[in-house]
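# Observations on chain architecture
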Amino acid sequence: MGCCCGCKCCCLILLAVAIFIGASLGIFASVFPYPSHASCKVDWVFGESCWEVKSKLITQMKEWSDDDCTTKQQCNYEYLGEEGNTIRGLHTTPWLKFVDKFNFTVNTGYDGNCYVKAASESQASYAIIDFGTNYCNLRNLVIGSHLDEDAHYKENSTNAVCTMYSIAHCNLYT
Ligand SMILES: *[C@@H]1O[C@H](CO)[C@@H](O)[C@H](O)[C@H]1NC(C)=O
Ligand SMILES: *[C@@H]1O[C@H](CO)[C@@H](O)[C@H](O)[C@H]1NC(C)=O
């Protein structure tokens, strides 16, 4: 009798826990606004030739390729090369040593502007939240090379394709 009651209670508690976890996961999935793996896709338009855009981004990666992260925040970039209209690179975060791989693909528009699709992805399979580093990996190169300073400059992305896009603080010069 006592055992039976205990088993029933046990079953009810397990059931309640299962429902609670299930509901939490469901809520989590429907509220979590970011990609399931820490990553970022951004589109840019620049009022310069794609040749210039590529060359400025490559120069910036090389300038920030040293690992002296004490005097400046931007460091640990590695230029991996160019293939067709895509350039690739790596960035390692100074403290946690997370490695993110990224690329920029350029296409000249009919209007003469350069249309760029950029993507950065954490190489750590378990990374879900990145405090905006995948976005900042890309954005800092754009800001650092002053590509944002022309009249045709445009950026677009969303939280759905870019982890923590709307709340990222890249703090280039702090
Ligand atoms: C750029 O990187 C993203 C994210 O890793 C990847 O999905 C995409 O295929 C890459 N694009 C090119 C052209 O290599
Ligand atoms: C940017 O906007 C264009 C046009 O609305 C859209 O097709 C594209 O997916 C957007 N890019 C990103 C990274 O959200």
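Before reading further, recall that the structure is shown in the block above.
Read on for a plain summary of the structure. Counting starts from 1 at the beginning of each chain's written sequence and moves along it residue by residue. Labels follow written order: the first chain is A, the first ligand is 1, and so on. Local features in this predicted model are restricted to residues of pLDDT 70 or higher, and side-chain atom pairs are both shown and tallied only at a pLDDT of 80 or more, whereas totals for entire chains, interfaces and linings draw on every residue. The side-chain quantities take in all heavy atoms of the structure and omit both hydrogens and water.

## A few points about unusual backbone geometry
In this structure, asparagine 76 is a non-glycine residue whose phi angle is positive, near 60°. For every residue, the accessible area (1.4 Å probe, protein chains only) is compared with the maximum for its type, and the residue is labelled buried under 20%, exposed over 50%, or partly exposed between those bounds. On the basis of relative accessible area, asparagine 76 is assigned to the buried category, the value being 13%. You will see that methionine 164, though not glycine, has its phi angle at about 60°, which is positive. Only DSSP runs of H or I covering at least 4 residues are called helices, and only runs of E covering at least 2 are called strands; the numbering of each starts at the N terminus. Examined against the element boundaries, methionine 164 turns out to sit in the segment after strand E6 (154-156). Since its relative accessible area comes to 12%, methionine 164 is described here as buried.

## Concerning helix H3 (residues 133-144)
Helices are assigned an expected span. That span is 1.5 Å times one less than the residue count. Compared with the 16 Å implied by 1.5 Å per residue over 12 residues, the 15 Å span of H3 between its first and last C-alpha is a close match. In terms of burial, H3 is largely enclosed, as 10 of its 12 residues are buried. Taken together, the buried positions of H3 are Asn134, Tyr135, Cys136, Asn137, Leu138, Asn140, Leu141, Val142, Ile143 and Gly144. At the exit of H3 stands histidine 146, carrying a positive phi of roughly 65°.

## Observations concerning the state of the cysteines
By convention in this document, the label disulfide applies to cysteine sulfur atom pairs within 2.5 Å. Going through the model one piece at a time under the given rule, you end up with three disulfides. A sulfur-sulfur distance of 2.0 Å marks the disulfide that ties cysteine 40 to cysteine 162. Because the torsion about its S-S bond is -85°, the bridge between cysteine 40 and cysteine 162 counts as left-handed. Residue cysteine 40 is found in strand E1 (residues 39-46), and its partner cysteine 162 is found in the segment after E6; the two are separated by 122 residues along the sequence. Both residues of the pair, cysteine 40 and cysteine 162, belong to the buried class. One disulfide in the model links cysteine 50 with cysteine 114; its S-S distance is 2.2 Å. Because the torsion about its S-S bond is 105°, the bridge between cysteine 50 and cysteine 114 counts as right-handed. Of the two residues, cysteine 50 is situated in helix H2 (residues 50-63) and cysteine 114 in strand E5 (residues 114-122); the sequence distance between them amounts to 64 residues. With respect to class, cysteine 50 is no different from cysteine 114; both count as buried.

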